[in-house]
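# Architecture and fold: a report
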Amino acid sequence: QSLHKTARHQSLLSAYPVLEEAIIVDGQTVGAVIIQSDLLAMFEHIRFLALLVFVVALLTLVMAIVLGMQFQRIITAPIDTLLGAMQQVSLNKDYAHRIPETSNDELGQLMSGFNQMLTEIEIRDQSLFERQQQLDQLAHYDNLTGLANRAMLMDRLHQALHQAKRYHQKLAVLFIDLDGFKEINDTLGHKAGDELLKQVAARLSTIVRGSDTIARLGGDEFTICLHNVASAESACIVARKVMELYAEPFTLEGTACRITGSVGVALYPHDAETVEALLKAADTAMYQAKQHGKNNFQLYSTAMQVQINEKITLQQQVTTAIERNELFLEYQPIVTTAEKRIVGVEALLRWKHPELGVLHPKSFLQATEGTAMMHKIGAWVLHEASQQCASWHANGHTELQVSVN
């Protein structure tokens, strides 16, 4: 026999589903099997499972969000910190800024590398700054005395002159030259000369205002720029202070040495209206101080420049006179008082000027003092006098002697 089953299903959504199966034997229905089930408990269990799944899913989502935020804090926060530091360094050029290194992982190594890069940049910038300072010191300050050099002086003078023009102020320049500096170098050596220059610079720094400028032009020449002076007398007061600086001896190589200085003073706008002309006027006044016996100061005047020009012209004329053989010697006899006999002659220099006639040495030799021309004239006179003496001796006047003054 076979049992043929046919079932009629009711909706599973019903609380009490019924399953019917007919019992067929030899083609005849002999009965039926009816199964009815109560699904409420199953539905409750399913709801519980669904709720459990929902809660688990919700918790999983929350945990995922929390873990994501934590992951973001761990990963992106250091990156944000790094980006913020980069922006700060880029905008403010603050290479001293550093990022806290909180870990040894890849991000920590990245931060460490960033900090190391900043350190290297900071060291490089500091080195460049120090080198720039050194170059600025060399470019604008005297290496020996620490005073402003010529370049710095010219810059300060132009600024001071511009201000003086704008506000109708007076400006004074003092040109200072040491008397006998060459002798110090020759007797005590250049080391002592350098020490003297440093001591002079230190003393000069004590007599001026902070707004004034002291410079060493080179050698033993110094310049003081006095800003906004009230009058020429105010500049003269400073010049007198310069002279007083030499009252106390200088100690050089353990030896007390006394030295003096000559000072020239020129004022803007009275004496000159440009920086170059002002320096030239002060230099001319200093030269006149030298001519007046040194160890004094002179205010510039236009008459000084006239004398300078005349002297330069005379020097040029004397040079031309030597080249043209316009110089000659006259011989003044030297006679004994007892025998009235000529025993010698004195050679006297003369200049046959093409326009002024015969000139005596007093009228032109002073212009050659302190120049190589003086030695050239002296050598020429000695040569000419010696030749003349040799000629007289050759002619039998062996008793004659020639004196050269």
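Given the structure is predicted, the values throughout are model-derived calculations rather than measurements.

### Re the nonpolar core
Among soluble globular proteins, nonpolar side chains are generally buried collectively. Membership of the largest hydrophobic core comes to 34 residues, with the highest contact counts inside it found for Leu174, Leu196, Leu204, Ile224, Leu226 and Val242. Secondary structure elements with two or more residues in this core: strand E4 (170–179), helix H4 (181–188), helix H5 (190–204), strand E6 (221–229), helix H6 (232–244), strand E7 (250–252) and strand E9 (260–268). The leading source of residues in this core is H5, at six residues. Excluding residues that lie within four positions of it along the chain, isoleucine 224 makes contacts with Ala172, Val173, Leu174, Ile176, Leu204, Val208, Thr213, Ile214 and Val242. With 26 residues, the next largest nonpolar core counts Met152, Ala215, Ala282 and Met286 among its residues.

### Some points on the pairing of E6
Among the nine residues in E6, seven count as buried, and that is most of the element. As defined by bridge partners, E4 adjoins E6 across seven bridges and the pair is classed as antiparallel. Looking across to E6, one finds that lysine 170 is bridged to valine 229. Two strands pair when backbone bridges link them, and strand E5 (residues 213–218) and E6 are joined in this way by five bridges, in the antiparallel orientation. Opposite threonine 213, over in E6, you have cysteine 225 as the bridge partner. The turn joining E5 and E6, which pair antiparallel and follow one another in sequence, is formed by two residues; a positive phi near 60° is taken by glycine 219.

### Looking at unusual backbone geometry
Residue proline 269 follows tyrosine 268 across a cis peptide bond; omega there is 5°. Turning to its location among the elements, proline 269 is positioned in the loop between E9 and helix H7 (275–291). In this model, glutamate 253 sits at a positive phi of 55°, which is unusual for a non-glycine residue. Within the element layout of this structure, glutamate 253 appears in the loop between E7 and strand E8 (255–257).

### Brief notes about the side chain of threonine 284
Residue position: threonine 284 is located in helix H7. Judged by its relative accessible area of 7%, threonine 284 is buried. Threonine 284 has contacts with Tyr300, Met304, Gln305 and Ile308, leaving out every residue within four places of it along the chain.

### Thoughts on the sheet that holds E9
Ordered by their spatial adjacency, five strands build an open sheet running E5-E6-E4-E9-E10, and the pairing between neighbours is mixed. The two strands at the open ends of the sheet, each matched to only one other strand, are E5 and strand E10 (297–299). For this sheet, the mean inter-axis angle between neighbouring strands, taken without regard to orientation, is 20°. Its contacts with the sheet place H6 against E4, E6, E9 and E10, and it is angled at close to 165° to E9.

### A few points about the packing of aromatic side chains
By the definition in use, this model includes two aromatic pairs. Taken together, a centroid distance of 5.2 Å and an interplanar angle of 70° make the contact between tyrosine 331 and tryptophan 392 edge-to-face. Here tyrosine 331, found in strand E11 (residues 327–335), pairs with tryptophan 392, found in helix H9 (residues 372–394); they are 61 residues apart in sequence, far enough to count as distant. Its relative accessible area of 24% is what places tyrosine 331 among the partly exposed residues. Their ring planes at 80° and their centres at 5.3 Å tell us that tryptophan 351 and phenylalanine 364 sit as a pair that is edge-to-face. One end of the pair, tryptophan 351, is in strand E12 (residues 342–353); the other, phenylalanine 364, is in the loop between strand E13 (357–359) and H9, with 13 residues separating them in the sequence.

### Concerning the environment of asparagine 149
As for its placement among the helices and strands, asparagine 149 is situated in the loop between helix H2 (106–140) and helix H3 (150–167). A C-alpha to C-alpha distance of 53 Å links asparagine 149 and proline 78, two positions 71 residues apart in sequence. In this structure, asparagine 149 is in contact with Leu138, Ala139, His140, Tyr141, Asp142, Ala215 and Arg216, ignoring residues within four places of it in sequence.

### Some remarks on the pattern of salt bridges
Side chains that carry opposite charge are capable of pairing whenever their charged atoms lie near each other. What the rule picks out here adds up to 11 salt bridges. Close ionic contact of arginine 240 with glutamate 233 constitutes a salt bridge, the shortest N to O distance being 3.0 Å. On the basis of relative accessible area, arginine 240 is assigned to the partly exposed category, the value being 37%. Assessed through its relative accessible area of 41%, glutamate 233 is described here as partly exposed. A salt bridge links arginine 341 to glutamate 339, with the nearest nitrogen and oxygen atoms 3.0 Å apart. For arginine 341, a relative accessible area of 40% gives the class partly exposed. One connected set of salt bridges, linked through shared partners, spans Asp177, Asp179 and Lys290.

### Considerations on the environment of valine 335
With respect to the secondary-structure elements, valine 335 resides in strand E11. Separated by 10 residues in sequence, valine 335 and valine 345 place their C-alpha atoms 8.5 Å apart. Residues within four places of valine 335 in sequence aside, it is in contact with Lys340, Arg341 and Ile342.

### Brief notes about the confidence of the model for the protein chain
Of all residues in the protein chain, 91% have pLDDT values of 70 or greater, and the mean over the chain is 84. The low-confidence segment residues 1–12, where pLDDT is below 50, has 26 contacts with residues more than four positions distant or belonging to other chains.

### Let's talk about the packing of H7 against helix H8 (residues 302–323)
Look at H7 against H8: their axes get within 10 Å of each other, and the N-to-C directions meet at 75°. Comparing the axis directions of H7 and H8 gives the class roughly perpendicular. In contact with Lys280, Thr284, Ala285, Tyr287, Gln288 and Gln291 of H7, H8 contributes Met304, Gln305, Gln307, Ile308 and Lys311. The residue inventory of the contact of H7 with H8, partitioned by class, reads four nonpolar, five polar and two charged.

Cut-offs and rules
- Residues numbered from 1 in each chain as written.
- Predicted model: local features only at pLDDT ≥ 70, side-chain atom pairs only at ≥ 80, totals over all residues.
- Heavy atoms only, no water.
- Core = buried A, V, L, I, M, F, W, Y, C linked by side-chain atoms within 4.5 Å.
- Buried < 20%, exposed > 50% of the residue type's maximum accessible area, 1.4 Å probe, protein only.
- Helix = DSSP H or I, 4+ residues; strand = E, 2+ residues; numbered from the N terminus.
- Contact = heavy atoms within 4.5 Å.
- Pairing = 2+ DSSP bridges.
- Axes fitted to C-alpha atoms, helices over the stretch in contact; angles between N-to-C directions.
- Phe/Tyr/Trp six-rings, centres within 6.5 Å; stacked < 30°, edge-to-face > 60°.
- Salt bridge = Lys/Arg side-chain N within 4 Å of Asp/Glu carboxyl O.
- pLDDT = per-residue confidence, 0-100.
- Parallel < 35°, antiparallel > 145°, perpendicular 65-115°, else oblique.
- Nonpolar A, V, L, I, M, F, W, Y, C, P; charged D, E, K, R; others polar.

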